[in-house]
Amino acid sequence: MRVARAANPKGTPAMWVRDRLEGLWSDEDFVGWYPRDGRPAWSPAQLATVCVLQFLDNLSDRQAAEAVRCRIDYKYALGLELEDPGFHHSMLSDFRDRLAEDDRADRLLDLMLARLKEAGLVKARGRQRTDSTGCCPQDGSSLGWSW
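Report follows, based on the coordinates.

**A look at the packing of aromatic side chains**
Okay, step 1: Enumeration over the complete set of coordinates arrives at four aromatic pairs.
Okay, step 2: With centroids separated by 4.9 Å and ring planes inclined at 80°, the aromatic side chains of Phe30 and Trp33 adopt a geometry described as edge-to-face.
Okay, step 3: Classification of Phe30 by relative accessible area gives buried; the value is 2%.
Okay, step 4: Among the aromatic residues, ring-to-ring pairing joins Phe30, Trp33 and Phe95 into one connected group.
Okay, step 5: We note Arg18 situated over the ring of Tyr76; from NZ or CZ to the ring centre the distance is 4.8 Å.

What follows is the structure in structure tokens.
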């Protein structure tokens, strides 16, 4: 934490996820995604968070896995030690395969939005548009949410 703060005194979006939300999800939110007789190699809550950071930074799976291995702010956001070696990039593809089953993606999105609202980072403003074809403004106004 000290190293991340020294390197990024104002923080980064990855750091804000941990600072403002204490994570978007917990492993309990993923019960039933993995077989009972084994434990996933990596925390599903951490993999979901990596997917969000990957989207924000427009990274490939390989680049996202490298960011987890090399970037202090990613390690901070995920609660990893600086020495943590990260994971193989193929774990992100496997995680997204699990996410695509049933209505899991919608449930996680709803949970994330609820936690963002609880933290005061997002508030509803009327009806949400999901059919927008244009690029969203930076303030998210066309989505019906304000940041």
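That was the structure; now back to the text.
**Focus on the packing of helix H3 (residues 44-56) against helix H6 (residues 90-99)**
Okay, step 1: Contact pair H3 / H6: the axes reach a minimum separation of 10 Å and the direction vectors enclose 100°. In terms of their interaxial angle, H3 and H6 are classed as roughly perpendicular. Residues Pro44, Leu47, Ala48, Val50, Cys51 and Gln54 of H3 form the contact with H6, whose participating residues are Met91, Leu92, Phe95 and Arg96.
Okay, step 2: Broken down by class, the residue content of the contact of H3 with H6 amounts to eight nonpolar, one polar and one charged.

**Quick look at the environment of Val50**
Okay, step 1: Structurally, the position occupied by Val50 is in helix H3.
Okay, step 2: Owing to a relative accessible area of 0%, Val50 belongs among the buried residues under this scheme.
Okay, step 3: Considered as a pair, Val50 and Ala67 are 17 residues apart in the sequence and their alpha carbons are 9.2 Å apart.

**Remarks on the nonpolar core**
Okay, step 1: Membership of the largest hydrophobic core comes to 31 residues, with the highest contact counts inside it found for Trp25, Phe30, Val68, Phe87 and Phe95.
Okay, step 2: Sorting the residues of this core by element identifies helix H2 (13-21), H3, helix H4 (61-70), helix H5 (72-78), H6 and helix H7 (104-118) as the ones contributing at least two each.
Okay, step 3: Once residues within four sequence positions are removed from consideration, Phe95 is found in contact with Phe30, Trp33, Tyr34, Pro44, Leu47, Ala48 and Cys51.

Reading the values: the criteria
- Residues numbered from 1 in each chain as written.
- Predicted model: local features only at pLDDT ≥ 70, side-chain atom pairs only at ≥ 80, totals over all residues.
- Heavy atoms only, no water.
- Phe/Tyr/Trp six-rings, centres within 6.5 Å; stacked < 30°, edge-to-face > 60°.
- Buried < 20%, exposed > 50% of the residue type's maximum accessible area, 1.4 Å probe, protein only.
- Lys NZ or Arg CZ within 6 Å of the ring centre and 35° of its normal.
- Axes fitted to C-alpha atoms, helices over the stretch in contact; angles between N-to-C directions.
- Helix = DSSP H or I, 4+ residues; strand = E, 2+ residues; numbered from the N terminus.
- Parallel < 35°, antiparallel > 145°, perpendicular 65-115°, else oblique.
- Contact = heavy atoms within 4.5 Å.
- Nonpolar A, V, L, I, M, F, W, Y, C, P; charged D, E, K, R; others polar.
- Core = buried A, V, L, I, M, F, W, Y, C linked by side-chain atoms within 4.5 Å.

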